[in-house]
Amino acid sequence: MMPPYYGGDDALEVSERSYEKYGNYSVVVDDVPAYLRGIKEYALSIGGVILNSNMSTSSRYQYGDLYIKVPVEKFDEATSRVTENVEKVVNENISAADITGQVVNTENSVQRLLDQRKLVAARIEEAKTPTEKAKIQIELDSLDRQIEAAERAVTVTEQRVAYATLSVSAADSQRHYEYDGSVDISDEFSRAWQSLKSSIKLLLTAGIWLVVYAIVWLPVVLII
């Protein structure tokens, strides 16, 4: 399937196309904070940028979202990392938009403004009066501002090509993505089991500390 094309007719003859890549994922994981933290650390390690990150906990589920930019040459590796060791991939969508037209247009815009500035700069040498030179200088200053803005547009467009976008949503239950208000018995049993395991772990920890401190409190109790 060909990716969508967004560009002008002036870019149709360009042999080397420019694409902006996207990846969107919804996954189910055991530990949402640990998963998102791992993805963020990975993205930063490959030169990526964290644009947005949030975590939420409802009465039923824990979930979070992550919006990052990664170098386009690491895009395939990053998409594999997002789905690595997850319980389930609920949604996966990868796409690429052809922005060759925008790349060509922004580059041509800069070149046109530079050519125009050369012509205007040549006129200032021919100006005969200070007033005429001042008017030409105002025109040059305006062109300089336009060139600066056009160069920024080129930089932004180049970054869109150089960095791919990854949007990741993670939850500790698939029901988070399809909850309709009804009660899922298996989900409730799972939540109850997780709560029971946490309680048992807490009791075992308390018991271990009780045994350790028995060296101190047991002689005191015996004496009393």
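Residues numbered from 1 in each chain as written. Predicted model: local features only at pLDDT ≥ 70, side-chain atom pairs only at ≥ 80, totals over all residues. Heavy atoms only, no water.

## Digging into the pairing of strand β2 (residues 49–57)
Strand direction decides the pairing type here: β2 and strand β3 (residues 62–71), joined by eight bridges, are antiparallel. Note on β3: the bridge partner recorded for N54 is D65. Counting the residues in the hairpin turn of β2 and β3 gives four residues. (Pairing = 2+ DSSP bridges. Helix = DSSP H or I, 4+ residues; strand = E, 2+ residues; numbered from the N terminus.)

## Quick look at unusual backbone geometry
Even without glycine at this site, N85 takes up a positive phi of about 60°. According to the relative accessible area criterion, N85 is exposed, its value standing at 74%. (Buried < 20%, exposed > 50% of the residue type's maximum accessible area, 1.4 Å probe, protein only.)

## Here we look at the sheet that holds β2
Strand order across the open sheet formed by five strands is β2-β3-β5-β1-β4, with mixed pairing between neighbours. The open sheet is flanked by β2 and β4 (88–98), the only strands paired with a single partner. Put simply, the sheet's adjacent strands are angled 10° from each other on average, direction ignored. Contacts from helix α1 (residues 32–45) reach β1 (19–28), β2, β3 and β5 (163–171), with the element oriented near 10° to β3. (Axes fitted to C-alpha atoms, helices over the stretch in contact; angles between N-to-C directions. Contact = heavy atoms within 4.5 Å.)

## A look at the nonpolar core
Core analysis: the biggest nonpolar cluster contains 21 residues, and V29, Y35, I68, V70, V82, L166 and A170 have the highest contact counts within it. Among the secondary structure elements, those contributing two or more residues to this core are β1, α1, β3, α2 (75–82) and β5. For this core, the leading source of residues is α1, giving six residues. When sequence neighbours within four positions are dropped, the list of residues in contact with V29 reads Y35, V86, E87, A170, A171 and D172. Ranked by size, the runner-up nonpolar core spans eleven residues in total, among them I124, A127, I147 and A150. (Core = buried A, V, L, I, M, F, W, Y, C linked by side-chain atoms within 4.5 Å.)

## Focus: the confidence of the model for the protein chain
Of the residues in the protein chain, 86% reach a pLDDT of 70 or more, and the chain-wide mean stands at 85. pLDDT under 50 marks residues 1–10. Its contacts with residues more than four places away, or in other chains, come to 19 contacts. (pLDDT = per-residue confidence, 0-100.)

## As for a nonpolar patch on the surface
Together, I208, W209, L210, V212, Y213, I215, V216, W217, L218, V221 and L222 give the surface a local cluster of nonpolar side chains, amounting to about 1200 Å² of exposed area. Taken together, the elements giving at least two residues each to the nonpolar patch come down to α6 (185–212) and α7 (214–223). In terms of residue count, α7 provides more of the nonpolar patch than any other element does, six residues in total. (Patch = residues over 30% accessible without salt bridge, like charges linked within 9 Å, V, L, I, M, F, W, Y side chains within 5 Å. Areas by Shrake-Rupley, 256 points an atom, 1.4 Å probe, with all protein chains shown as cover. Salt bridge = Lys/Arg side-chain N within 4 Å of Asp/Glu carboxyl O.)

## Topic: the packing of α1 against α2
Two elements in contact, α1 and α2, have axes whose closest approach is 11 Å; the angle formed by their N-to-C orientations is 165°. Between α1 and α2, the crossing angle belongs to the class labelled roughly antiparallel. The two elements α1 and α2 cross, and the hand of that crossing is right-handed. On the side of α1, the interface is formed by Y35, G38, I39 and Y42, while α2 contributes E77, A78, R81 and V82. (Parallel < 35°, antiparallel > 145°, perpendicular 65-115°, else oblique. Left-handed = near helix turned anticlockwise from the far one by under 90°.)

## What about α1?
The end-to-end C-alpha separation of α1 is 20 Å, in line with the 20 Å expected for 14 residues at 1.5 Å each. V32, Y35, L36, G38, I39, Y42 and A43 are the residues of α1 that are buried. On an axial view of α1, the arc spanned by its buried residues comes to 155°, and they lie on one face. Facing away from the buried surface of α1 by more than 90 degrees, the exposed residues are E41, L44 and S45. The secondary structure elements touched by the buried residues of α1 are β1, β2, β3, α2 and β5. Its side-chain oxygen 3.2 Å from the backbone nitrogen of A34, D31 forms the N-cap of α1. The positive-phi residue at the C-terminal boundary of α1 is G47, with phi of around 85°. (Expected span 1.5 Å × (residues − 1). Arc of directions from axis to C-beta. Polar contact = N/O pair within 3.5 Å; in protein donor to acceptor, adjacent residues only side chain to side chain.)

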